[in-house]
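# Breakdown of the fold
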Amino acid sequence: MGVTCVCQVPVAEGKSVQQSVDIVHKKLEQLGAVKQGSFWVDCETYHPTGNVSGQPSKLLYVMHNSETPLSCMGLFEGGPCLIADANFDVLMVKLKSHFQNAKAHKVECRGSRYRYCDFLIKVGTVTMSSSARGISVEVEYCPCVVPGECWNLTKEFMQSFLGPSVPELPSVFAAKPEGLFAPSDCIDTMTQYLELFNKLRKMQMPGSNVR
Amino acid sequence: MADALHVGVNLDAFSHAISGIQALRSSVSRVFESLKDGMKNRETLEGREKIFISGFQEQLQSVNRDLNELERLSGLVGRPSESHPLHNSGLLSLDPVQDKTPLYSQLLQAYKWSNKLQYHAGLASSLLNQQSLKRSANQMGASAKRRPKVQPSTLVLPPQYVDDVISRIGRMFPDLTIELFRPNGTSAVLLVTLGKVLKAIVVMRSLFIDRTVVRGFNENVYTEDGKLDIWSKSQYQVFQKVTDHATTALLHYQLPQMPDVVVRSFMTWLRSYIKLFQSPCQRCGRFLQDGLPPTWRDFRTLEAFHDTCRM
């Protein structure tokens with residue numbers, strides 16, 4: 001498990017989402033990347049229903065990742081995170097009285113997985129209630145464990161197939177440039193996906209309350 | 001034919017010479033015989049002395065005559081076999097049937113060949129001694145006989161000394177963690193952890209580095225039964241490349257008389273990988289080439305280069 005960076009790729013002007021994804025695929029293949037199956041990430045949103053006096057209610061996101069098919073990640077908005085068994089979904093159903101599933105807010109990301117040398121690239125389409133909202137690209141540099149060390153290298157790689165639209169160091173890492181990535185890798189990746197999903201959600205529905 | 005005639009003359013001279021020697025011996029023994037007997041009893045003292053001296057003179061003259069005769073004969077006999085370079089095997093040349101048994105010409109050829117071989121081997125050994133690339137006991141072979149003390153002493157060092165050298169190197173580089181294992185006998189195996197970048201397994205023989213494998217920081221260095229895994233290579237291409245370069249470095253840093261300097265130079269070189277993912281190539285200025293960071297480190301300047309940029 002190396003250092004992962006998730007970013008959004010803007011849809012090319014005059015092109016559909018699928019066409020833009022195809023362009024990225026083509027660029028990767030020209031570079032020499034090899035396709036290795038597919039991947040998916042999904043996210044469900046839960047509203048807390050119980051009124052805890054004096055505390056602002058936090059949203060709970062429950063996420064799944066095809067890289068860790070037996071686990072289930074629970075992330076409180078801006079708060080603690082946990083990694084649980086896949087049974088966690090069943091538990092959430094039992095906790096219906098405390099957390100309510102906002103079905104309309106379910107976000108999914110599906111796409112292809114590519115390998116190029118020690119890089120792992122996942123190009124996905126983000127869909128929200130069966131409509132495509134945007135394109136995500138996840139790049140993982142497997143041999144390195146310290147985000148701050150390999151960021152320039154990862155950035156140069158992303159520029160080679162994304163052009164100038166490369167993000168800055170993800171905010172997850174800004175807080176711990178020297179810290180180890182490995183032990184909490186899954187959470188760091190899922191936090192980045194969550195940020196991306198929220199960004200896309202807000203972008204599509206300006207002014208409306210996401211909650 | 002000429003050979004046969006020559007031999008005949010020789011044999012004749014031999015028999016003459018032998019009789020000459022016999023004559024010489026008898027005349028010499030006659031001299032001593034008369035000396036032993038002393039002067040014969042005569043009437044006057046003068047007569048006694050006169051007869052004794054004249055007899056003695058006569059005998060000495062005959063000895064002289066015999067000796068001259070022998071010297072003359074010995075000139076005729078010559079020294080055929082001693083002067084030949086092949087000694088007695090030179091007599092094979094006397095075999096008259098050359099066509100059927102060409103032993104003598106074959107012998108000469110073999111002799112020339114072995115002479116040349118000895119000469120070339122001498123040249124090769126002096127050249128090889130200048131290039132001291134001896135890394136193991138097997139290669140020392142013949143030279144071990146000549147220099148029995150220098151080589152073995154560096155190969156058979158007490159484990160305590162090896163431990164000292166390694167721990168001194170470990171203290172020199174704070175970002176280098178060196179763990180020492182002795183899984184089989186006295187040979188040490190080092191597990192070198194460089195920052196949060198890589199782990200290298202270095203197999204030693206005494207203070208000579210025998211083999212090295214470099215793996216990622218998050219890769220496993222132990223096998224399932226908890227032993228150091230010194231064989232399997234890294235799953236990442238970048239560390240496979242670094243392993244290749246580290247093996248090159250092992251062959252580059254060679255100084256058989258001072259093995260501790262070699263280990264220290266190697267560790268200094270390995271330490272330059274602390275910025276494996278951070279330093280761009282010194283030639284092309286880029287981070288990636290064919291998906292790999294600059295994996296080569298110059299042996300002297302320790303600058304980072306891509307494998308294809310280092311020429």
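The preceding data block contains the structure.
Thresholds, definitions, all that
Residues numbered from 1 in each chain as written. Chains lettered and ligands numbered in written order. Predicted model: local features only at pLDDT ≥ 70, side-chain atom pairs only at ≥ 80, totals over all residues. Heavy atoms only, no water. Helix = DSSP H or I, 4+ residues; strand = E, 2+ residues; numbered from the N terminus. Buried < 20%, exposed > 50% of the residue type's maximum accessible area, 1.4 Å probe, protein only. Contact = heavy atoms within 4.5 Å. Areas by Shrake-Rupley, 256 points an atom, 1.4 Å probe, with all protein chains shown as cover. Bend = angle between axes of the 7 residues up to and from the residue. Buried area = accessible area lost by both parts, 1.4 Å probe. Salt bridge = Lys/Arg side-chain N within 4 Å of Asp/Glu carboxyl O. Polar contact = N/O pair within 3.5 Å; in protein donor to acceptor, adjacent residues only side chain to side chain. Core = buried A, V, L, I, M, F, W, Y, C linked by side-chain atoms within 4.5 Å. Pairing = 2+ DSSP bridges. Axes fitted to C-alpha atoms, helices over the stretch in contact; angles between N-to-C directions. Nonpolar A, V, L, I, M, F, W, Y, C, P; charged D, E, K, R; others polar. Phe/Tyr/Trp six-rings, centres within 6.5 Å; stacked < 30°, edge-to-face > 60°.

## As for the overall build of chain A
Broken down by element type, chain A carries 5 helices and 8 strands. Tracing chain A from N to C terminus, the helices and strands come up as β-α-β-β-β-β-α-β-β-β-α-α-α. For chain A, the proportion of its 211 residues judged to be buried stands at 48%. Counted over contacts in chain A with a minimum sequence separation of 6, partners at least 24 positions apart contribute 60%.

## Looking at the overall build of chain B
Secondary structure assignment for chain B yields 10 helices and 6 strands. Looking at chain B as a whole, 33% of its 311 residues qualify as buried. Long-range contacts, defined here as pairs at least 24 residues apart, represent 44% of the contacts in chain B between residues at least 6 apart. Accessible surface, chain B: about 19,900 Å² in total, of which carbon and sulfur atoms supply 57%.

## Some points on the environment of Met1(A)
Residue and element names in this part refer to chain A. By secondary structure assignment, the location of methionine 1 is in the segment before β1 (3–9). Taking relative accessible area as the criterion, methionine 1 reaches 46% and is therefore assigned partly exposed. Spatially, the C-alpha atoms of methionine 1 and cysteine 142 are 5.5 Å apart, while their sequence positions differ by 141 residues.

## Considering helix α3 (residues 147–162) of chain A
All names here are of chain A. Where α3 bends most, the angle comes to about 30 degrees, and this point is leucine 153. When we look at burial in α3, the residues that qualify are Pro147, Glu149, Cys150, Trp151, Leu153, Thr154, Glu156, Phe157, Met158, Phe161 and Leu162. Residues of α3 that are buried sit in contact with β1, α1 (17–31), β6 (99–116), β7 (119–128), β8 (131–141) and α4 (171–174). Phi turns positive, to about 75 degrees, at glycine 163, one or two residues after α3.

## Some remarks on the interface of chain A and chain B
At the junction of the two partners, chain A supplies 19 residues and chain B supplies 17 residues. A combined buried area of about 1,700 Å² lies between chain A and chain B, and 59% of that area is made up of carbon and sulfur atoms. At the boundary of chain A with chain B, the tally comes to 1 salt bridge. The salt bridge partner of Arg286(B) is Glu156(A), with a shortest N-O separation of 3.9 Å. Linking chain A to chain B there are 5 residue pairs in polar contact (both at pLDDT 80 or more). Here the side of chain A that touches chain B takes 6 residues from α3(A), the largest share from any one element.

## Some words on the nonpolar core
Among soluble globular proteins, nonpolar side chains are generally buried collectively. Judged by nonpolar contacts, the single largest core of 76 residues is most densely connected at Ile121(A) and Met267(B). It is α3(A) that contributes the most residues to this core, 7 residues altogether. In contact with Met267(B), other than residues within four places in its own chain, are Ile169(B), Phe173(B), Leu176(B), Ile178(B), Leu190(B) and Val192(B). With 21 residues, the next largest nonpolar core counts Phe39(A), Cys43(A), Ile187(A) and Tyr193(A) among its residues.

## Quick word on unusual backbone geometry
Excluding glycine, a negative phi dihedral is what most residues carry, and trans is how most peptide bonds are arranged. Look at Cys117(A): it is not a glycine, yet its phi comes out positive at around 55 degrees. Taking relative accessible area as the criterion, Cys117(A) reaches 14% and is therefore assigned buried. Phi at Asp290(B) is positive, roughly 55 degrees, even though this residue is not glycine. Note on placement: Asp290(B) falls in the loop between α10 (259–271) and β5 (296–297).

## Points about the pairing of strand β2 (residues 34–48) of chain A
Regular strands show a simple pattern: their side chains alternate between the two faces of the sheet. All names here are of chain A. Where β2 lies against β6, 12 bridges are found, and the strand directions are antiparallel. Paired with phenylalanine 39 across the strands is glycine 111, a residue of β6. Relative to strand β3 (residues 60–65), β2 runs antiparallel, the two being bridged by 6 bridges. Bridging across to β3, glutamate 44 finds its partner in valine 62.

## Focus: the sheet that holds β3(A)
Residue and element names in this part refer to chain A. Read across the sheet, 8 strands follow the order β1-β8-β7-β6-β2-β3-β4-β5 without closing on themselves; strand pairing throughout is antiparallel. Of all the strands in the sheet, the pair left with one neighbour each is β1 and β5 (81–85). Strand after strand, the sheet turns through a mean of 25 degrees between neighbouring axes, direction not considered. Sheet strands in contact with α1 are β6, β7 and β8, and its direction is about 175 degrees off that of β7.

## Concerning the environment of Ser29(B)
Take Ser29(B): it is sitting in helix α1 (residues 2–37). Counting along the chain gives 30 residues from Ser29(B) to Gln59(B), while the straight-line C-alpha distance between them is 9.8 Å.

## Side note on the packing of α1(A) against α3(A)
In a pair of packed helices, the angle between the axes and the distance between the axes together describe the arrangement. Residue and element names in this part refer to chain A. Where α1 meets α3, the axes come as close as 9 Å, and the angle between the chain directions of the two elements is 115 degrees. Touching Val24, Lys27, Leu28 and Leu31 of α1 are Phe157, Ser160 and Phe161, all from α3. Across the contact of α1 with α3, the residue classes tally to 5 nonpolar, 1 polar and 1 charged.

## Considering the pairing of strand β4 (residues 208–216) of chain B
Residue and element names in this part refer to chain B. Counting buried positions over the 9 residues of β4 gives 7, a clear majority of the element. Relative to β4, strand β3 (residues 198–205) runs antiparallel, the two sharing 8 bridges. Pairing of alanine 200 across the sheet is with valine 214, part of β4.

## Here's the deal with the packing of aromatic side chains
In this structure the tally under the stated criterion is 15 aromatic pairs over all chains. Judged by centre distance (6.3 Å) and plane angle (90 degrees), the rings of Phe239(B) and Phe277(B) are edge-to-face. Here Phe239(B) is found in helix α9 (residues 237–252), whereas its partner Phe277(B) is found in the loop between α10 and β5, with 38 residues between them in sequence. With respect to burial, Phe239(B) and Phe277(B) carry one shared label: buried. Members of the aromatic cluster, connected to one another through ring pairs, are Tyr116(A), Phe119(A), Tyr141(A), Phe157(A), Phe161(A), Tyr236(B), Phe239(B) and Phe277(B).

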